[in-house]
Amino acid sequence: MKDWGYSILKGRQIDIENNDFSISRFVAQHEPSFKWCIGCGSCTATCSAARLTGFNPRKINLLIHRGETTNLAEEISKCMLCGKCQLVCPRGINTRNVIQNIKRALNNCHAL
Amino acid sequence: MNTNRQHIIVIGAGPAGLEAAATLGAAGYPVTLLEKENHTGGKLKSLHQLFPGFRPAYEVQNYLDGRLEINVAQVITNADVISVTTENGKHKVILADGQSMNGDIVLIASGFQVFNAEKKEEYGYGIYENVITSPDLEAKLKSCDPLTSANGTTPRKIAFIHCVGSRDQKAGNVHCSRVCCITGVKQAIEVKMQLPGAEIFNFYMDLRMFGQNFEELYIEAQQKWGITFIRGRVSEIGENMDGTLQLKAEDTLSGRPMKMNFDLVVLLVGIVPARQTLAIGKSAGLALTSGDFLAASDAQLSPNKTTTDGIFITGTCREPLSIAETLTDARAASVSIIQYLNERQKKSECI
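Note that the structure is predicted; figures quoted are calculated from it, not measured. (Residues numbered from 1 in each chain as written. Chains lettered and ligands numbered in written order. Predicted model: local features only at pLDDT ≥ 70, side-chain atom pairs only at ≥ 80, totals over all residues.)

### Quick word on the overall build of chain B
So, step 1. A tally of helices and strands in chain B yields 7 helices and 20 strands.
So, step 2. A compact globule built from 351 residues would reach a C-alpha radius of gyration of about 20 Å, and chain B, at 22 Å, matches this within 12%.
So, step 3. Along the first, second and third principal axes, the C-alpha set of chain B runs to 75 × 40 × 35 Å.
So, step 4. Within chain B, buried positions represent 46% of all 351 residues.
So, step 5. Long-range pairs, those at least 24 residues apart, make up 66% of the contacts in chain B between residues at least 6 apart in sequence. (Helix = DSSP H or I, 4+ residues; strand = E, 2+ residues; numbered from the N terminus. Rg over C-alpha atoms; globule rule 2.2 N^0.38 Å. Buried ≥ 20, exposed ≤ 12 C-beta atoms within 10 Å, placed from the backbone. Contact = placed C-beta atoms within 7 Å.)

Set out below in structure tokens:
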């Protein structure tokens, strides 16, 4: 489709070429296991918050890696840091520290 | 090659060792085949039907036994090899009972063992009666007894859990065991054939249908047999009061967690090196892969040669392989040994 250069709606496509990866880089730097995910969904399967809300740690990991961070602060606020996800992760990802560093990244957004 | 009386010792009489011993024997080499059990055949003996064509496993067993009888003079059972050492180019194979023998060539075909599912306590194998492994199910299918839950009733809902002990850093296995995917598809169809009224669900992370007719069988499982595949690794299994099992996974393709109850759960356990494989490899000073399998000197160009001259490897002591791949690998190893001996002969004649 011809791109006329203006639109009142933001497209739903993942714009990976123009997305901002600063949060992804920050978390990977402070908790390298953030990059080990193979998307199996064990974390979400066992997550207490996911039973009652739309919280989905697997999806959050994926979306940050894609540079998709809209609504991230609200999503992360649903996590209760219980750590069950860490017990079931087959990759041994330090999921709690990932979440903590996502929060740090969001708080320091301007400084990244 | 009548002048070449190089003695070849083959360790392990599973499919790899049997096929290699018979091939080398047929080529005129004196071969000694050592087997730790009191019978040949290895784990092929415990299989019911082979994927993807449901061929009875005994057909392949009969073929191997027949070739062995014609081509290999010396087969020693109850010979548990504990170490292999090398001195002055000769290899010494030492058995658990203290006996030893010398060979010019040692071909290790000591195979694999299945991952111990009890290590993944969150799946409850050995704790919940209705959690079984894929070898357990294979034995039940082979026995031709009707498939039942622990209390003797016919299971109506059955789950297959893929990647148990494979691709699992916590279980110490980063590697993919390769054949469990298609085993899960094969066994799901076999169960559905026996129990047409049962509902069957396979929980997977990725389905690796790499072989000929594997993808076709996977499609058949869905379309013809109505088996449901859910992309999500099971995080935990719990037992209900009535002995049925509650299972949790994320249906990752819809992005939502799910909970389901089952009468029977089958864990598709992965492949790890046999205890003997590791012991023999370490005693011989062989390089190991990241998954502790025996490493080749060159993965592309000499997959059956090790870093030690005259010691060769074949079959699942190298990496997880199907029966078909194992037999192909055994023939490749045999050719590799023959070429090596021919070259060594030429060199010695030049001197």
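### Let's talk about the interface of chain B and chain A
So, step 1. The interface is formed by 16 residues belonging to chain B together with 18 residues belonging to chain A.
So, step 2. Elements supplying a minimum of two residues to the side of chain B that touches chain A: β15 (234-239) and β16 (245-251) of chain B.
So, step 3. Broken down by element, the side of chain B that touches chain A gets its largest block of residues, 3 residues, from β16(B).
So, step 4. Considered class by class, the residues forming the side of chain B that touches chain A number 3 nonpolar, 5 polar and 8 charged. (Nonpolar A, V, L, I, M, F, W, Y, C, P; charged D, E, K, R; others polar.)

### Description of the sheet that holds strand β8 (residues 100-103) of chain B
Residue and element names in this part refer to chain B.
So, step 1. Strand order in the open sheet formed by 3 strands is β6-β7-β8, with antiparallel pairing between adjacent strands. Looking at strand neighbours, the two that pair on one side only are β6 (81-87) and β8, the edges of this open sheet. Across this sheet, the average inter-strand angle for adjacent strands is 20°, counted without regard to direction.
So, step 2. Note that β6 and strand β7 (residues 90-95) share 6 bridges and pair antiparallel. In the strand pairing of β7, Val81 is matched with Leu95. (Pairing = 2+ DSSP bridges. Axes fitted to C-alpha atoms, helices over the stretch in contact; angles between N-to-C directions.)

### What about the sheet that holds strand β13 (residues 199-204) of chain B?
Sheet strands associate in pairs through backbone hydrogen bonding, adopting either a parallel or an antiparallel arrangement.
Residues and elements named next belong to chain B.
So, step 1. An order of β11-β18-β12-β13-β14 is seen for the 5 strands of this open sheet, with the pairing classed as parallel. Two strands bound the open sheet, and with one partner strand each, they are β11 (131-133) and β14 (228-231). Sheet twist, expressed as the mean angle between neighbouring strand axes with direction ignored, is 25°.

### Here we look at the nonpolar core
The tendency in soluble globular proteins is for nonpolar side chains to be buried side by side.
All names here are of chain B.
So, step 1. Residues Val10, Ile11, Leu107, Val265 and Leu267 are the most contacted members of the largest nonpolar core, which totals 98 residues.
So, step 2. In terms of domain composition, this core takes at least three residues from each of domain 1 (8-111 + 274-350) and domain 2 (117-271).
So, step 3. With residues up to four places along the chain from it excluded, the contact list for Val10 reads Gly17, Ala20, Ala21, Val31, Leu33, Leu34, Leu107 and Ala109. (Core = buried A, V, L, I, M, F, W, Y, C linked by C-beta atoms within 7 Å. Domains from an automatic or database assignment.)

### Comments concerning the packing of helix α3 (residues 134-143) of chain B against helix α4 (residues 180-194) of chain B
Residues and elements named next belong to chain B.
So, step 1. Interaxial distance between α3 and α4 falls to 11 Å at its minimum, and their mutual angle equals 35°. Considering the relative orientation of α3 and α4, their crossing is left-handed. Residue-level contacts link Ser134, Leu137 and Leu141 of α3 to Cys180, Thr183, Gln187 and Glu190 of α4.
So, step 2. Of the residues in the contact of α3 with α4, the class split is 3 nonpolar, 3 polar and 1 charged. (Left-handed = near helix turned anticlockwise from the far one by under 90°.)

### Some points on α4(B)
Residue and element names in this part refer to chain B.
So, step 1. The first and last C-alpha atoms of α4 sit 21 Å apart over 15 residues, in line with the 21 Å expected at 1.5 Å per residue.
So, step 2. Most of α4 is tucked away, with 11 of its 15 residues classed as buried.
So, step 3. Among all positions of α4, only Cys180, Cys181, Ile182, Thr183, Gly184, Val185, Lys186, Gln187, Ala188, Ile189 and Val191 are buried.
So, step 4. Buried residues along α4 sit in contact with α3, β12 (157-164), β13, α5 (214-223) and β18 (264-269). (Expected span 1.5 Å × (residues − 1).)

### Topic: the environment of A:Cys37
Residues and elements named next belong to chain A.
So, step 1. Among the structural elements, Cys37 can be located in the loop between α1 (22-30) and α2 (42-46).
So, step 2. Measuring from C-alpha to C-alpha, the distance between Cys37 and Pro90 comes to 9.0 Å, with 53 residues separating the pair along the chain.
So, step 3. The residues contacting Cys37, other than those within four sequence positions of it, are Asn61, Arg91 and Ile93.

### Thoughts on the pairing of strand β2 (residues 31-34) of chain B
Residues in a regular strand point their side chains to alternate faces of the sheet.
Residues and elements named next belong to chain B.
So, step 1. Direction of pairing for strand β1 (residues 8-11) relative to β2: parallel, over a ladder of 4 bridges. Note that in β2 the partner of Val10 across the bridge is Leu33.
So, step 2. Traced from β1 through helix α1 (residues 15-26) to β2, the parallel crossover comes out right-handed.
So, step 3. As paired elements, β2 and strand β5 (residues 74-76) share 3 bridges and run parallel to each other. In the sheet register, Leu34 faces β5, and the bridge partner there is Ile76. (Right-handed = clockwise from strand over helix to strand, strands pointing away.)

### Considerations on the domain arrangement of chain B
All names here are of chain B.
So, step 1. For chain B, the assigned domains are domain 1 (8-111 + 274-350) and domain 2 (117-271).
So, step 2. Each of domain 1 and domain 2 was reduced to a C-alpha centroid, and the two centroids are 32 Å apart.
So, step 3. Every contact between the two is made by 12 residues of domain 1 and, on the other side, 20 residues of domain 2.
So, step 4. Split into classes, the residues belonging to the side of domain 1 that touches domain 2 amount to 4 nonpolar, 8 polar and no charged.

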